[in-house]
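# Structure at a glance
This is what each chain is made of:
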There are 2 protein chains.
Amino acid sequence: MAGRELSSTRSPRVKAARRLAKRAFRRREHRFLAEGPQAVREALALNGVLAELFATAEAENRHQDLIAQAEKAGVPTFRVSGEVMAELAQTVTPQGLLAVCEFVDVALDKALSPAPRLVTVLAHVRDPGNAGTVLRTADAAGSDSVIFTDASVDPYNGKCVRASAGSLFHLPVVTGPRFDALIPALKDAGLTVVAADGAGEASLDTALDAGTLDGPTAWVFGNEAWGLPEEILNAVDEVVRVPIYGGAESLNLATAAAVCLYTSARAQRAPRTP
Amino acid sequence: MAGRELSSTRSPRVKAARRLAKRAFRRREHRFLAEGPQAVREALALNGVLAELFATAEAENRHQDLIAQAEKAGVPTFRVSGEVMAELAQTVTPQGLLAVCEFVDVALDKALSPAPRLVTVLAHVRDPGNAGTVLRTADAAGSDSVIFTDASVDPYNGKCVRASAGSLFHLPVVTGPRFDALIPALKDAGLTVVAADGAGEASLDTALDAGTLDGPTAWVFGNEAWGLPEEILNAVDEVVRVPIYGGAESLNLATAAAVCLYTSARAQRAPRTP
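About the criteria used
Along each chain, numbering runs from 1 in the same order as the chain's sequence is written. Throughout, the order in which chains and ligands are written sets their labels, letters from A for the former and numbers from 1 for the latter. Given that the model is predicted, a residue must reach a pLDDT of at least 70 before its local features are reported, and side-chain atom pairs must reach 80 or more before they are shown or counted; all residues, however, enter totals for whole chains, interfaces and linings. Only hydrogens and water are set aside; all other atoms, that is, all heavy atoms of the structure, feed into the side-chain values. Numbering of helices and strands runs from the N terminus; a helix is a DSSP stretch of H or I covering at least four residues, while a strand is a stretch of E covering at least two. Any residue under 20% of the maximum accessible area for its type is buried, any over 50% is exposed, and the rest in between are partly exposed; the area is computed with a 1.4 Å probe on protein chains only. Think of a salt bridge as a Lys or Arg side-chain nitrogen and an Asp or Glu carboxyl oxygen that are within 4 Å of each other. A pair of strands counts as paired when DSSP detects no fewer than two bridges linking them. Residue contacts follow a heavy-atom distance rule, with two residues in contact if any of their heavy atoms lie within 4.5 Å. Think of each axis as a best-fit line through the C-alpha atoms, taken over the contacting stretch in the case of a helix, with angles from 0 to 180 degrees between the N-to-C directions. Crossovers are described as right-handed under a simple rule: with the strands pointing away from the observer, the path leading from the first strand over the helix to the second runs clockwise. Where each domain starts and ends comes from a domain assignment, either automatic or drawn from a database. Buried area is understood as the total, over both parts, of accessible area removed when two parts are fitted together, assessed with a 1.4 Å probe. Only Asp, Glu, Lys and Arg are considered charged, only Ala, Val, Leu, Ile, Met, Phe, Trp, Tyr, Cys and Pro nonpolar, and every remaining residue, Gly among them, polar. The definition of a polar contact used here is a pair of N or O atoms within 3.5 Å, where within protein one atom must be able to donate a hydrogen and the other to accept one, and adjacent residues in sequence count solely through side-chain atom pairs. The copies were overlaid with a least-squares fit restricted to C-alpha atoms from residues scoring a pLDDT of at least 70 in each copy. Only buried Ala, Val, Leu, Ile, Met, Phe, Trp, Tyr and Cys residues count toward a nonpolar core, and they belong to the same one when joined by side-chain atoms within 4.5 Å. The span one expects for a helix is its residue count, reduced by one, times 1.5 Å.

### As for the environment of Ala 55 of chain B
All names here are of chain B.
- Relative to the elements of secondary structure, Ala 55 occurs in strand E3 (residues 50-56).
- Assessed through its relative accessible area of 0%, Ala 55 is described here as buried.
- For the pair Ala 55 and Asp 205, spaced 150 residues apart in sequence, the C-alpha to C-alpha distance is 49 Å.

Structure, rendered in structure tokens:
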């Protein structure tokens with residue numbers, strides 16, 4: 001390591017990084033925090049995203065390859081004490097590596113071009129852990145992009161970044177579009193806009209059998225507790241519910257999203273034959 | 001309420017209930033704690049399961065129907081102070097209602113008879129929140145029963161009970177069978193035993209197209225971090241992976257289980273036609 005050691009939690013650089021735990025500061029700096037070797041590796045893979053790297057002596061030892069790679073890329077790296085890492089990290093058991101990253105989100109028109117096949121929209125999703133899990137699932141299911149509307153949680157929230165398990169760095173993420181402008185843009189991009197809602201008239205099986213999911217699709221997922229507002233349900237092309245075969249009242253958001261996105265992924269790869 | 005008021009956290013009855021937060025005491029008493037009106041309602045629906053009910057004055061007021069129903073069923077009910085409820089409840093914002101419940105699990109042979117169509121097995125699952133979410137998803141997907149092997153988390157753990165959102169009360173749950181005895185029992189019950197594992201040779205789509213999932217199926221889900229041990233992978237009929245189409249390394253346990261169980265649910269209802 002380049003010998004720069006920060007041992008005080010009052011060091012201006014530590015304080016500047018620590019502030020990124022707050023959304024207001026993230027917005028101002030266009031930077032966020034990501035913990036652990038996986039996040040560092042993913043950030044390094046994207047040009048110019050890794051802005052600063054903090055490591056404990058132990059982590060520095062264990063991840064020499066990553067530290068060397070960061071230094072080679074000209075990323076300022078700092079060795080910090082366990083106390084400083086505990087102050088910086090947002091987890092109970094910090095992994096000893098903390099990255100300050102530049103925002104990775106892209107503009108909506110960029111995310112929708114070239115013509116996407118599968119898009120995931122989070123509208124009014126408030127729990128950052130849920131949002132991160134949906135992001136990871138959307139990535140796994142082959143979603144071309146993930147859109148967080150203005151009423152959804154910040155994708156750069158530490159819990160969301162962690163739950164995404166690196167997926168925040170894998171696919172184009174869009175933040176902040178208003179829903180009333182978003183729906184026409186999705187339709188213009190050739191997507192059938194389908195909202196997942198427990199009150200949907202069509203079940204997922206019905207939609208599948210009808211061929212609704214065979215073409216390019218944007219899935220819209222709503223709030224954990226109360227779902228989606230009327231104005232969204234009225235504006236989309238279809239409202240579909242995941243069928244409940246047993247006694248459960250509902251599925252949680254992330255599992256419902258997994259079922260919907262994988263049903264689409266399969267339908268697009270093996271369309272119904274009439 | 002029958003006028004029995006407990007205002008001290010040192011009341012023997014409060015202390016006896018509080019101890020049920022620990023697995024050793026749950027095992028000894030064959031009782032567990034469940035919080036909130038939904039859990040109380042579910043427990044009341046099962047004869048003899050609700051053993052004791054604690055309520056704050058506020059919750060008593062809000063849920064008069066439930067309190068009356070419990071008293072009618074001869075369940076000892078106690079009004080407790082906010083302080084006592086905070087001591088009893090395991091959540092940051094307790095809902096004011098806490099039930100002491102008798103264990104609801106059943107023996108394996110009972111859970112497998114009559115011939116089941118869909119069975120969910122948790123092997124080496126350690127996180128109670130994940131286990132509860134899988135239980136809820138298994139219920140939603142129409143699983144006939146859920147089996148926690150001896151190496152898995154306790155389904156009566158408070159976090160598991162909460163994450164199950166009532167499903168612990170909906171379908172037969174089996175706890176504690178050893179895996180080497182379980183597999184033959186599942187096969188004897190006419191089930192194809194399929195393990196979900198990221199290293200599986202067959203993808204879920206391949207298994208679906210081959211008709212593997214059309215008949216009665218037991219799904220086995222493993223540890224969050226390291227999956228399933230060799231001995232289990234060798235003993236099952238098939239090892240299947242959920243396909244990853246994007247950059248994600250894997251899915252989390254609960255979302256992978258949701259995709260597998262719903263794929264089975266659909267396959268059983270609409271089998272492939274050759």
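Having seen it, we continue.
### A closer look at the pattern of salt bridges
- Under the criterion given, the structure shown has 28 salt bridges over all chains.
- Arg 26 of chain B is paired through a salt bridge with Asp 154 of chain B; the nearest N and O atoms lie 2.9 Å apart. Placement of Arg 26 of chain B in helix H2 (residues 23-29) and of Asp 154 of chain B in the loop between strand E7 (145-148) and helix H9 (158-163) is noted, with a sequence separation of 128 residues between them.
- By relative accessible area, Arg 26 of chain B is classed as buried at 3%.
- With relative accessibility at 8%, the residue Asp 154 of chain B sits in the buried group.
- Connected via shared salt-bridge partners are Glu 5, Glu 60 and Arg 79 of chain A.

### Some details on the sheet that holds strand E11 (residues 217-221) of chain A
All names here are of chain A.
- Pairing is parallel across the open sheet formed by 7 strands, whose spatial order is E8-E7-E6-E11-E9-E12-E10. Of all the strands in the sheet, just strand E8 (173-175) and strand E10 (202-203) have a single pairing partner and so form its edges.
- Running at roughly 170° to E11, helix H13 (residues 253-269) makes contact with strand E6 (118-122), strand E9 (192-196) and E11 of the sheet.

### Concerning the pairing of strand E6 (residues 118-122) of chain B
All names here are of chain B.
- For E6, the buried fraction is high: 5 of the 5 residues fall into the buried class.
- Neither face of E6 is open: one carries Leu 118, Thr 120 and Leu 122, the other Val 119 and Val 121, and all of them are buried.
- Here E6 runs beside strand E11 (residues 217-221); their pairing, made up of 5 bridges, is parallel. Paired with Leu 122 across the bridge in E11 is Phe 221.
- The pairing of E6 with E7 spans 4 bridges and is classified as parallel. The residue of E7 that forms the bridge with Val 119 is Ser 145.
- Chirality of the crossover, the property in question, places the unit of E6, helix H8 (residues 128-140) and E7 among those that are right-handed.

### A look at the domain arrangement of chain A
Residue and element names in this part refer to chain A.
- Taken as a whole, chain A is organised into domain 1 (5-102) and domain 2 (108-269).
- Measuring from the centre of the C-alpha atoms in domain 1 to the corresponding centre in domain 2 gives 31 Å.
- Every contact between the two is made by 15 residues of domain 1 and, on the other side, 13 residues of domain 2.
- With both sides pooled, the region where domain 1 packs onto domain 2 buries about 1,100 Å², and carbon together with sulfur makes up 59% of that total.
- Of all residues in domain 1, Arg 26, Phe 32 and Glu 42 bury the most surface against domain 2, accounting for 42% of the area lost on that side.
- Taken together, domain 1 and domain 2 are joined by 3 salt bridges.
- Elements supplying a minimum of two residues to the side of domain 1 that touches domain 2: helix H2 (23-29), strand E2 (31-35) and helix H3 (36-45).
- The class makeup of the residues in the side of domain 1 that touches domain 2 is 8 nonpolar, 3 polar and 4 charged.

### Here we look at the interface of chain A and chain B
- Facing the 33 residues of chain A at the interface are 33 residues of chain B.
- Overall, the association of chain A and chain B removes approximately 2,600 Å² of surface from exposure, summing both partners, and the carbon and sulfur fraction of that is 57%.
- Our count for the contact surface shared by chain A and chain B stands at 4 salt bridges.
- Across the pair Asp 209 of chain A and Arg 266 of chain B runs a salt bridge whose closest N-O atoms are separated by 2.7 Å.
- Along the contact surface separating chain A from chain B lie 22 residue pairs in polar contact (both at pLDDT 80 or more).

### A look at the pairing of E9 of chain A
Residues and elements named next belong to chain A.
- Judged by how many residues are buried, E9 sits mostly within the fold: 4 of 5 residues are covered.
- Two strands pair when backbone bridges link them, and E9 and E11 are joined in this way by 4 bridges, in the parallel orientation. Bridging across to E11, Ala 195 finds its partner in Val 220.
- Sheet topology places E9 next to strand E12 (residues 238-241); 3 bridges connect them, and they run parallel. Directly across from Ala 195, in E12, lies its bridge partner Val 239.

### Thoughts on the relation of the copies chain A and chain B
- Mapping chain A onto chain B leaves a residual RMSD of 0.0 Å; the transformation is a rotation of 180° accompanied by 0.0 Å of translation along its axis. Look at the turn and shift together and you get a two-fold axis relating the two.
- The residues that chain A uses at the interface reappear at the interface of chain B in 100% of cases, marking a shared surface.

### Comments concerning the nonpolar core
- Membership of the largest hydrophobic core comes to 122 residues, with the highest contact counts inside it found for Trp 219 of chain A together with Trp 219 of chain B.
- If you look at the next biggest cluster of nonpolar residues, it comprises 24 residues, including Leu 182, Ala 189, Val 193 and Val 236 of chain B.

### Quick notes on the sheet that holds E2 of chain A
Residue and element names in this part refer to chain A.
- One open sheet accounts for 5 strands, arranged E1-E4-E3-E5-E2; its pairing is mixed. Looking at the sheet topology across the chains shown, the edges are occupied by strand E1 (5-6) and E2.
- Both E2 and strand E5 (residues 97-102) contribute to a ladder of 5 bridges, which runs antiparallel. Residue pairing across strands places Ala 34 opposite Ala 99, the latter belonging to E5.
- The strands that helix H1 (residues 12-19) touches are E1, E2, strand E3 (50-55), strand E4 (77-80) and E5; relative to E3, the one it contacts most, it runs at about 115°.
- Helix-sheet contacts for H3 involve E2, E3 and E5, and the interaxial angle to E5 is about 30°.

### A few points about H8 of chain B
- End to end, H8 of chain B covers 18 Å across 13 residues, agreeing with the expected 18 Å (1.5 Å per residue, within 8%).
- Burial runs high along H8 of chain B: 11 of the 13 residues are buried.
- Those residues of H8 of chain B that are buried lie in contact with H13 of chain A together with E6, E7, H9, strand E8 (173-175) and helix H13 (253-269) of chain B.
- Two or three places before Gly 129 of chain B, at the start of H8 of chain B, stands the capping residue Asp 127 of chain B, its side-chain oxygen 3.1 Å from that residue's backbone nitrogen.
- Just downstream of H8 of chain B lies Gly 142 of chain B, where phi reads positive at about 85°.

### Remarks on the environment of Phe 221 of chain A
All names here are of chain A.
- The topology assignment puts Phe 221 in strand E11.
- Taking the C-alpha atoms as reference points, Phe 221 and Tyr 262, separated by 41 residues in sequence, lie 14 Å from one another.
- Among residues more than four places away in sequence, those in contact with Phe 221 are Thr 120, Val 121, Leu 122, Ala 123, Val 125, Ala 196, Leu 228, Leu 253, Ala 257, Cys 260 and Leu 261.

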